[in-house]
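# Examination of the molecular architecture
In case you want the letters, here they are:
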Amino acid sequence: MTALNAELSFSLDLVRECATIAMHYWRGGAKVLALREKPLGGGPITKADTEINDKIVKALHDRFPDDGVLAEESADDGRWRRPSRCWYVDPIDGTREFARGRTGWTIQVGLCIDGDPVLGVVFEPAAGHLSWGLRTETQTVARHQRPDNQEQDLTLREPDPESLVLIGGRLYPLSRQHAIRRALGISSDRASSVGSVGVRLATVARGEADVYVQAPGHTKMWDTCAPAALVLAAGGLVTDLQGKPLDYRAASVTHPSGVVASPRPLHAEILRRVAPLAARWL
């Protein structure tokens with residue numbers, strides 16, 4: 001495996017450029033955003049999603065023409081499956097948050113080699129967090145630029161199974177997040193929610209939460225690749241509810257068995273606690 005420093009530098013520059021575009025739309029209001037729903041319940045989309053998606057995809061194809069690219073707002077022709085290297089792009093992860101003027105959204109670019117997330121850049125422009133991770137045979141990088149522009153290592157929390165901090169999806173009345181919180185033994189005051197999967201995983205990578213558990217549903221490869229690389233580079237684990245690594249070469253782009261992210265020493269205990277839920281849902 002090559003050092004991937006050029007890929008990381010390119011991704012950081014590209015995501016920073018796209019953040020400027022995103023913030024223009026984010027500040028512009030409803031008319032500028034042109035929010036609409038995708039067909040067949042595909043979720044919300046704005047002009048920012050499509051413009052940034054096209055910019056990132058073109059840049060990756062131009063710079064790395066032999067690599068595959070899978071992006072949320074591009075047609076899936078299956079060609080991304082052929083190369084050993086594949087980029088996963090989410091131009092705006094957390095579009096509803098973005099369209100409502102909230103800060104819980106990201107721009108994400110991740111790279112898998114042979115299905116392993118080895119590089120990830122996750123930018124939360126409105127919140128001011130920029131995180132990146134890199135894992136090769138010769139180096140590991142896990143860094144975070146804070147809102148005050150100071151840089152520091154991504155550092156997972158010191159795990160304590162009896163005082164876990166959970167981050168997850170929106171806690172609407174029938175959300176499975178309620179069952180997850182109870183299974184983990186976490187009180188409501190130690191559980192937070194945000195719409196973006198990237199923010200959830202990045203929050204674990206920064207050590208602001210212990211654990212993220214996602215029930216089986218609609219989480220896609222482009223949602224998880226880049227932020228999973230952060231958690232892995234910081235020394236954590238990211239698996240499905242059965243403890244298997246997330247499969248980025250699968251027939252479906254959806255993760256069918258959920259997502260679990262936590263510090264490595266904590267992971268087996270998290271899986272044990274949610275096992276009854278996994279057995280029911282899977």
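The coordinates are above.
No experiment lies behind these values; they were computed from the predicted model shown.

### Quick word on the sheet that holds strand 5 (residues 106-113)
Sheet architecture is open: seven strands sit in the order 3-4-5-6-7-8-9, paired in mixed fashion. Both edges of this open sheet fall to strand 3 (68-71) and strand 9 (151-153), since each of them pairs with a single strand only. When the angles between neighbouring strand axes are averaged without regard to direction, this sheet yields 15°. Bridge analysis of strand 6 (residues 116-124) against strand 7 (residues 129-135) gives six bridges, and the strand direction is antiparallel. Bridge pairing links Gly120 to Gly133 in strand 7. Across the sheet, helix 1 (residues 5-28) touches strand 4 (85-93), strand 5, strand 6, strand 7 and strand 8 (140-145), and the angle it forms with strand 6 is around 30°.

### Describing unusual backbone geometry
The residue Ala34 is not glycine, and still its phi comes out positive at about 55°. Inspection of the secondary structure puts Ala34 in the loop between helix 2 (30-33) and strand 1 (36-37). Since its relative accessible area comes to 31%, Ala34 is described here as partly exposed. Non-glycine residue Asn149 carries a positive phi angle of around 70°. The topology assignment puts Asn149 in the loop between strand 8 and strand 9. Of the residues examined, Asn149 reaches a relative accessible area of 55% and is grouped as exposed.

### Focus: the nonpolar core
Counting residues in each nonpolar core, the largest one holds 38 residues, and the members touching the most others are Ile52, Ile56, Trp87, Phe98, Ile107, Leu119 and Val121. Of all elements in the fold, only helix 1, helix 3 (47-63), strand 3, strand 4, strand 5, strand 6 and strand 7 reach the threshold of two or more residues within this core. For this core, the element with the highest residue contribution is helix 1, accounting for ten residues. Setting aside its immediate chain neighbours within four residues, Ile56 contacts Leu14, Cys18, Val89, Ile107 and Val109.

### Things to note about helix 8 (residues 264-281)
For an α-helix the count is 3.6 residues per turn, leaving residues at separations of three or four pointing the same way. For helix 8, with 18 residues, the first-to-last C-alpha span of 24 Å sits near the 26 Å given by 1.5 Å per residue. Of all the bends found along helix 8, the most pronounced is centred on Val274 and spans about 55°, while Pro276, a proline, follows it within four residues. Here helix 8 has its buried residues at Leu266, His267, Ile270, Leu271, Arg273, Val274, Leu277, Ala278 and Trp281. Looking at the buried side of helix 8, the elements it contacts are helix 5 (177-184), strand 12 (212-214), strand 13 (236-239) and strand 14 (259-263).

### Observations concerning empty space enclosed by the protein
In this structure the tally under the stated criterion is one cavity of 30 Å³ or more. Its boundaries defined by the atoms lining it, the largest cavity holds a volume of some 40 Å³. Around the largest cavity, the lining residues are Leu166, Gly168, Gly169, Leu171, Gln177, Arg181, Ala191, Ser192 and Ser193. Mapped by element, the contributors of at least two residues to the lining of the largest cavity are strand 10 (166-168), helix 5 and strand 11 (191-193). Here the lining of the largest cavity takes three residues from strand 11, the largest share from any one element.

### Considerations on the sheet that holds strand 12
Pairing between the strands of a sheet comes from backbone hydrogen bonds, and it takes one of two forms, parallel or antiparallel. Strands sit in the order 12-14-13 across an open sheet of three strands; the sheet is antiparallel. The sheet is open, and its two edges are formed by strand 12 and strand 13, each paired on a single side. Across the sheet, the mean angle from the axis of one strand to that of its neighbour is 10°, orientation sign disregarded. As defined by bridge partners, strand 12 adjoins strand 14 across three bridges and the pair is classed as antiparallel. In the strand pairing of strand 14, Gln214 is matched with Val259.

### Topic: the pattern of salt bridges
For the coordinates displayed, the defined rule picks out 20 salt bridges. Between Lys38 and Glu72 there is a salt bridge, with its nearest N and O atoms 3.2 Å apart. With Lys38 in the loop between strand 1 and strand 2 (44-45) and Glu72 in the loop between strand 3 and strand 4, the pair connects residues that are 34 residues apart, well separated along the chain. Note that Asp148 and Arg146 form a salt bridge whose closest N and O atoms lie 2.6 Å from each other. We classify Arg146 as partly exposed; its relative accessible area is 28%. A cluster of three or more residues bridged by salt bridges with shared partners is formed by Glu162, Glu269, Arg272 and Arg273.

### Details of the packing of helix 6 (residues 197-205) against helix 7 (residues 221-233)
At a closest axis distance of 8 Å, the pairing of helix 6 and helix 7 adopts a crossing angle of 5°. The angle between helix 6 and helix 7 places the two elements in the roughly parallel class. Where helix 6 approaches helix 7, its residues Val197, Gly198, Leu201, Ala202 and Ala205 are matched on the opposing element by Asp223, Thr224, Pro227, Ala228, Leu230 and Val231. Within the contact of helix 6 with helix 7, the residues separate by chemical class into eight nonpolar, two polar and one charged.

Procedures and definitions
- Residues numbered from 1 in each chain as written.
- Predicted model: local features only at pLDDT ≥ 70, side-chain atom pairs only at ≥ 80, totals over all residues.
- Heavy atoms only, no water.
- Pairing = 2+ DSSP bridges.
- Helix = DSSP H or I, 4+ residues; strand = E, 2+ residues; numbered from the N terminus.
- Axes fitted to C-alpha atoms, helices over the stretch in contact; angles between N-to-C directions.
- Contact = heavy atoms within 4.5 Å.
- Buried < 20%, exposed > 50% of the residue type's maximum accessible area, 1.4 Å probe, protein only.
- Core = buried A, V, L, I, M, F, W, Y, C linked by side-chain atoms within 4.5 Å.
- Expected span 1.5 Å × (residues − 1).
- Bend = angle between axes of the 7 residues up to and from the residue.
- 1 Å grid on protein atoms, 1.4 Å probe; cavity = no way out; pocket = protein on both sides within 12 Å on 5 of 7 lines; lining within 4 Å.
- Points joined across faces, edges and corners; volume = space filled by probe spheres on them.
- Salt bridge = Lys/Arg side-chain N within 4 Å of Asp/Glu carboxyl O.
- Parallel < 35°, antiparallel > 145°, perpendicular 65-115°, else oblique.
- Nonpolar A, V, L, I, M, F, W, Y, C, P; charged D, E, K, R; others polar.

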